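# Understanding the architecture of this molecule
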Amino acid sequence: MNAASRVMQSYGRCCASTSFFDTFYENFLASSPAIRDRFVNTDMIAQKQLLRAGILNLVLFARGMSDSKLRALGESHSRAGLNIRPELYDLWFEALIRAVKSHDSNANDEDISAWREVLSKGIGLIKSYY
Ligand code: HEM
């Protein structure tokens, strides 16, 4: 199975767990005060839905989908927009991997490496807009 299909299946198992996105944001907000400060006025219920689609777009991009959705995210998160410094994506990614490990009990080492490989491509594109 290729890496993108592996991630799609793992993501399906994560999304089947109702608290996957709660765990992600618990991990992410706890990772730095610089992160927590950015979400003090955010409607987190809506944000979790937006992120659900955002992660799907990262996976679909790795499978060959057009980059237009990720370019829009790159622009919204750029210096001129939300001003998300590129190094913060490492915290985002580690929070995600921890959430995957706790909600996809079937995930093995190959699945985790596939997540790293597949998402790094799209995250690189988003950061390139900074
Ligand atoms: C908003 C996805 C990384 C902070 C959003 C939105 C999406 C999204 C879909 C809503 C639409 C938009 O504003 O464009 C993602 C994805 C990421 C990522 C897929 C990783 C590849 C980050 C990081 C931070 C961050 C590292 C660092 C703090 C924010 C903030 C908002 C936002 C502050 C606005 C929240 C509000 O409306 O109050 N993100 N994001 N994001 N993101 Fe990200």
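All values reported here derive from a predicted model rather than from experimental measurement. (Residues numbered from 1 in each chain as written. Predicted model: local features only at pLDDT ≥ 70, side-chain atom pairs only at ≥ 80, totals over all residues. Heavy atoms only, no water.)

One recurring pattern in soluble globular proteins: nonpolar side chains tend to sit buried together. Core analysis: the biggest nonpolar cluster contains 37 residues, and Phe 24, Trp 92, Leu 96, Trp 115 and Leu 119 have the highest contact counts within it. Secondary structure elements with two or more residues in this core: α1 (3–15), α2 (20–30), α4 (44–62), α6 (88–103) and α7 (109–128). Residue contributions to this core peak at nine residues, all from α6. Once you skip the residues sitting within four places of it in the chain, Phe 24 turns out to touch Leu 51, Trp 92, Ala 95, Leu 96 and Ala 99. (Core = buried A, V, L, I, M, F, W, Y, C linked by side-chain atoms within 4.5 Å. Buried < 20%, exposed > 50% of the residue type's maximum accessible area, 1.4 Å probe, protein only. Helix = DSSP H or I, 4+ residues; strand = E, 2+ residues; numbered from the N terminus. Contact = heavy atoms within 4.5 Å.)

The next point concerns the UniProt feature "domain: Globin" (unreviewed entry) in the protein. Residues annotated by UniProt as "domain: Globin" (unreviewed entry) correspond here to residues 1–130. Here residues 1–130 is 71% helix and 0% strand, with 33 Å between the C-alpha atoms at its ends. (UniProt positions renumbered as here; feature names shortened; annotations may be inferred.)

The complete set of buried residues in α2 reads Phe 20, Phe 21, Thr 23, Phe 24, Tyr 25, Asn 27 and Phe 28. In this fold, the buried residues of α2 make contact with α1, α3 (33–36), α4 and α6.

Attention now goes to the packing of aromatic side chains. Evaluation of the coordinates by the stated rule reveals ten aromatic pairs. Among the aromatic residues, ring-to-ring pairing joins Phe 24, Tyr 25, Phe 28, Phe 39 and Trp 92 into one connected group. For Lys 121, the ring lying beneath its charged end belongs to Phe 61, and the centroid distance is 4.9 Å. (Phe/Tyr/Trp six-rings, centres within 6.5 Å; stacked < 30°, edge-to-face > 60°. Lys NZ or Arg CZ within 6 Å of the ring centre and 35° of its normal.)

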